[in-house]
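Structural characterization, general
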Amino acid sequence: KYDGSPGSPGLYLGFLGKVYDVSKGKEYYGPGGGYDFFSGKDGSRAFVSGQFDEAGLTDDVTGLANGDYLGLKEWEEFYAKDYKFVGLVEGNFYNNKGEVTEAWKKLQEDISKALKDKDKKDVEKQMFPPCNMEWAKEKGTRFWCTKKSGGVQRSWVGVPRRLFYPG
C-alpha cells in the first residue's frame, strides 16, 4: 500500500518493525527504483541476506550469523539518521499497543552477542595482527607482514603465522 505508486498514501519502508518515510529517496525506493522491493513492507532479513524475492523479504531475522546482526544494526542506524521515523509495524517486533515482542528482545540479545564477539575479535586482532597475502598463477602464494598489515598499526613488523583455535 505504501509503495509510492500512483494513489499510494506515501512511500514507506519497514525495518526491524520501525517504519520510515523514504520519499526523499524515491529514485531508489519508488516504483522502478533499484530498491523498490523494500517499499511498503518490512523486509529486514533481505538487507543482510541479499535474498530479494518474496521469501527473503521478511522480518524474520532469526538464525543469522553474528556479522549479519551487526549489519542489521548498521542499517538501523542509517535509517534512523537519514529518514523520518513515522511509526511501527504491528507484527514480529511490536504488538498492537506498540510494545516490544519477544522477537524484538531476542534480536537485541543477538545484536549484543555479536557486538561482544566483534570486540573479542578486535582485541585478538591487536594481539595477533594478520599479515598480507597474494596469489598469482605464475608465482603462487606469497605472505608478508608490515607495520600496518591487516589494518593494525604497530611499531614492529610481524611474522606470517597461522592462528589455530581449540576444538
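Here goes a summary of the coordinates provided. All figures in this text were calculated on a predicted structure; none of them were measured in a lab.

Analysis parameters
- Residues numbered from 1 in each chain as written.
- Predicted model: local features only at pLDDT ≥ 70, side-chain atom pairs only at ≥ 80, totals over all residues.
- Heavy atoms only, no water.
- Helix = DSSP H or I, 4+ residues; strand = E, 2+ residues; numbered from the N terminus.
- Polar contact = N/O pair within 3.5 Å; in protein donor to acceptor, adjacent residues only side chain to side chain.
- Pairing = 2+ DSSP bridges.
- Axes fitted to C-alpha atoms, helices over the stretch in contact; angles between N-to-C directions.
- Contact = heavy atoms within 4.5 Å.
- Expected span 1.5 Å × (residues − 1).
- Buried < 20%, exposed > 50% of the residue type's maximum accessible area, 1.4 Å probe, protein only.
- Disulfide = S-S within 2.5 Å.
- Core = buried A, V, L, I, M, F, W, Y, C linked by side-chain atoms within 4.5 Å.
- 1 Å grid on protein atoms, 1.4 Å probe; cavity = no way out; pocket = protein on both sides within 12 Å on 5 of 7 lines; lining within 4 Å.
- Points joined across faces, edges and corners; volume = space filled by probe spheres on them.
- Nonpolar A, V, L, I, M, F, W, Y, C, P; charged D, E, K, R; others polar.
- Phe/Tyr/Trp six-rings, centres within 6.5 Å; stacked < 30°, edge-to-face > 60°.
- Lys NZ or Arg CZ within 6 Å of the ring centre and 35° of its normal.

Mapped onto the elements of the fold, S149 is located in the segment after β5 (140–144). At 3.0 Å, the side chain of S149 and the side chain of N132 are in polar contact. A polar atom in the side chain of S149 sits 2.6 Å from the backbone nitrogen of T146.

This brings us to the sheet that holds strand β3 (residues 84–88). Read from one edge of the open sheet, 3 strands run β1-β2-β3, paired in antiparallel fashion. Each edge of the sheet is formed by a strand with only one pairing partner; in this case those strands are β1 (12–15) and β3. Each strand axis lies, on average, 35° off the axis of its neighbour in the sheet, ignoring direction. Where helix α3 (residues 66–82) meets the sheet, its contacts fall on β1 and β2 (18–21), and the angle it forms with β1 comes to roughly 145°.

The next thing to look at is α3. Taking 1.5 Å of rise per residue, 17 residues should cover 24 Å, and α3 covers 25 Å from first to last C-alpha, within 8% of that figure. Among the residues making up α3, those that are buried are Y69, L70, G71, L72, E76 and Y79.

Once that is clear, we can look at the state of the cysteines. By the definition in use, this model includes 1 disulfide. In this model C131 forms its disulfide with C145; the gap between the sulfur atoms is 1.7 Å. Here the disulfide of C131 and C145 is right-handed, its torsion about the S-S bond being about 90°. Taken together, the residues C131 in the loop between α4 (102–127) and β4 (132–136) and C145 in the segment after β5 connect sequence positions 14 residues apart. C131 sits in the partly exposed class, given a relative accessible area of 23%.

This part is about the environment of D122. With respect to the element layout, D122 can be found in helix α4. On a C-alpha basis, the gap between D122 and V152 in space is 9.9 Å, while along the polypeptide they are 30 residues apart.

L13, F15, V22, L72, Y79 and L107 are the most contacted members of the largest nonpolar core, which has 23 residues in total. Secondary structure elements with two or more residues in this core: β1, α2 (44–49), α3 and α4. With 4 residues, the top contributor of residues to this core is α3. In this structure, Y79 is in contact with L13, F15, Y20, V22, Y29 and F47, ignoring residues within four places of it in sequence.

Computed from the structure, the largest pocket encloses a volume of approximately 290 Å³. Considering the residues around the largest pocket, the lining is formed by 15 residues, among which F128, P129, P130, C131 and R161 are closest to the centre. Contributing elements (two or more residues each) for the lining of the largest pocket: α4 and β4. For the lining of the largest pocket, the element with the most residues is α4, which contributes 3 residues. Taken together, the residues of the lining of the largest pocket break down into 9 nonpolar, 1 polar and 5 charged.

Take the pairing of β1 next. Relative to β2, β1 runs antiparallel, the two sharing 4 bridges. Of the residues in β2, the one forming a bridge with G14 is V19. Counting the residues in the hairpin turn of β1 and β2 gives 2 residues, including L16, whose phi is positive at 50°.

This part takes up unusual backbone geometry. Its identity is not glycine, yet L16 carries a phi of approximately 50°, on the positive side. With respect to the helices and strands, L16 occurs in the loop between β1 and β2.

Counted according to the given criterion, the structure contains 21 aromatic pairs. On the basis of an interplanar angle of 55° and a centroid distance of 4.8 Å, the ring pair of F37 and F38 is categorised as tilted. Assessed through its relative accessible area of 22%, F37 is described here as partly exposed. Classification of F38 as buried rests on a relative accessible area of 4%. Arranged with centres 4.0 Å apart and planes meeting at 20°, the rings of F38 and F47 form a pair that is stacked. A single burial state applies to F38 and to F47, both of which are buried. A cation over an aromatic ring shows up here: K24 above the ring of Y83, its NZ or CZ 5.2 Å from the ring centre. One cation-aromatic arrangement involves R142 over W144; the distance from NZ or CZ to the ring centre is 3.9 Å.

Note that all results are geometric; they support no functional claim without further evidence.
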